[in-house]
Amino acid sequence: MIQLTEEQKMIRDMVRKIAKEKIAPRAAEIDETDEFPMDYVEVYKENNLFKMVLPEKHGGIDANTTTLCVIVEELAKAYASAPQMLITTGAALHILLKAATEAQQMRFFKRLEQGTQACSFALTEPNHGSDAGSLQTKAVLNGDHYIINGSKAFITTGEIAEMHLVFVRTGGEKTKGISVIMVDKNTPGFRVGKKEHKMGFAGTGTVELIFEDAKVPKDSIVGKVNEGWSLLLNIANMMRVWGAGCTALGNAQGALDYVVEYAKQRFQFGKPIASFQAIQFMLADMAILIESARSLIYRTAYVMDTDGGSFKNIETLVCMSKCYAADVGMKVTTDAVQIMGGYGYTKEYPVERRMRDAKSVQIYDGSNQIQRVVISRNLLG
Ligand SMILES: Cc1cc2nc3c(=O)[nH]c(=O)nc-3n(C[C@H](O)[C@H](O)[C@H](O)COP(=O)(O)OP(=O)(O)OC[C@H]3O[C@@H](n4cnc5c(N)ncnc54)[C@H](O)[C@@H]3O)c2cc1C
């Protein structure tokens, strides 16, 4: 792993403490009830974590990609669901920093302060997932307002977000007709729809967003009209590394840490199961996979932080990081269940939850198949 700065180490230690004291103790209960953890919201607000990507002049900590990786990894080590509201908010704020005018930034940041501070990042639609470039939620200019009609699906943090960063169709052709628009949760004609009843990732407020003649002020469009797709490509690169990648990584590390202790304490045939070579080698392989994923992720983050994040150079590395970490997460958590035998399969212990949570990372933020499509396309030219 690359050397962290003194400041990054301080942030890591602060987040590690929060994760141990405030996040981990609530994980099993949130997994059971699927209630959005408003206590986590308060902890993140107190520690300025919603604003982690913002510069100091906007009250943030100006975190670069490496710092974001450290924060998400530490939180996911405690509970994979925990960093998700920070990831959607960070992604939305990144786009605002990149493309919103100074006046828009002041307006939106002020508005977020008045509530949870959380933002959703709304791209997917019921009929457009991997093929998001064909999205159909339409925004039509009418005087001083855009009128939005359509719906979004699987929107993380959507349940409690103060504002939603929404990708809408404002023009004709596929990716050339997409814009980004900020929608306040109190917008007339907008509502939160059904909540997804998911296998894992409980408490992340995954909902449908419904737009029925939703009336949004014209100056809520972020960046140029019909140029939203390029904003998406830029932010997708970042999110895949510090969002999905580090969620998978932290979750896998949490599973390994747990089963290492379990293997030392569980006795069969008069010995701890940790004394059996079959178990030792599984643990060794899990550690190798996790460390390889960590190296790939932090190397990608380093490249992003040092070459200005120029899109073409890093796309392949980004897709490798997301895809590999998600696959490692699935393999490690499945093996963690195996090492614990029957107890691993019960809800009394946390590893089956980690296995269910790991699965989602292979699907969202561009499925692992889509990552492989991009990697092979870049390889083949
Ligand atoms: C827990 C969770 C949280 C999410 N949060 C958000 C969010 O906050 N915001 C948001 O906008 N979206 C979110 N999503 C949606 C997520 O990004 C989509 O589920 C994902 O992009 C896949 O789309 P889909 O589910 O429609 O699957 P489909 O696109 O229907 O794909 C189905 C299968 O076909 C494969 N496939 C599709 N096209 C190809 C191809 N060209 N080549 C090879 N295989 C292909 C896919 O890999 C997949 O295995 C979330 C999803 C989940 C599960």
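Being a predicted model, the structure only gives us computed values, none of them experimental. (Residues numbered from 1 in each chain as written. Predicted model: local features only at pLDDT ≥ 70, side-chain atom pairs only at ≥ 80, totals over all residues.)

## Describing the nonpolar core
One recurring pattern in soluble globular proteins is that nonpolar side chains are buried together.
Consideration 1: Cys69, Ile71, Ile95, Ile181 and Ile297 are the most contacted members of the largest nonpolar core, which has 118 residues in total.
Consideration 2: At 17 residues, helix H7 (residues 228–265) tops the list of elements feeding residues into this core.
Consideration 3: Not counting the four nearest positions on each side in its chain, Cys69 is found in contact with Val241, Trp242, Cys246, Ile297, Tyr298 and Ala301. (Core = buried A, V, L, I, M, F, W, Y, C linked by C-beta atoms within 7 Å. Buried ≥ 20, exposed ≤ 12 C-beta atoms within 10 Å, placed from the backbone. Helix = DSSP H or I, 4+ residues; strand = E, 2+ residues; numbered from the N terminus. Contact = placed C-beta atoms within 7 Å.)

## Some remarks on the domain arrangement of the chain
Consideration 1: Under the domain assignment, the chain is made up of domain 1 (6–113), domain 2 (119–227) and domain 3 (229–380).
Consideration 2: Once you take the C-alpha centre of each, domain 2 and domain 3 turn out to be 30 Å apart.
Consideration 3: Between domain 2 and domain 3, the contact holds twelve residues from the first and eleven residues from the second.
Consideration 4: For the side of domain 2 that touches domain 3, the class distribution of residues is six nonpolar, five polar and one charged. (Domains from an automatic or database assignment. Nonpolar A, V, L, I, M, F, W, Y, C, P; charged D, E, K, R; others polar.)

## Overview of the pairing of strand S5 (residues 178–184)
Consideration 1: Counting buried residues along S5, six of its seven residues qualify, which places the element largely inside the surrounding structure.
Consideration 2: In this structure, strand S4 (residues 163–169) lies alongside S5, joined through seven bridges in antiparallel fashion. Each bridged residue has a counterpart across the sheet, and for Val166 the counterpart in S5 is Ile181. (Pairing = 2+ DSSP bridges.)

## Here we look at the site of the ligand
Consideration 1: The full set close to the ligand counts 21 residues, and Leu123, Gly129, Ser130, Thr156 and Ser367 are the nearest of them.
Consideration 2: Residue assignment for the shell around the ligand shows that the elements contributing at least two residues are strand S1 (119–122), strand S3 (145–155) and helix H12 (368–380).
Consideration 3: Counting residues per element, the shell around the ligand draws most heavily on H12, which supplies three residues.
Consideration 4: Looking at which domains feed residues into the shell around the ligand, each of domain 2 (119–227) and domain 3 (229–380) gives three or more. (Near = placed C-beta within 6 Å.)

## Concerning the environment of Thr89
Consideration 1: In this structure, Thr89 sits in helix H5 (residues 84–99).
Consideration 2: As for Thr89 and Phe50, which are separated by 39 residues in sequence, their C-alpha atoms are 6.5 Å apart.
Consideration 3: Thr89 has contacts with Phe50, Gln117, Ala118 and Cys119, leaving out every residue within four places of it along the chain.

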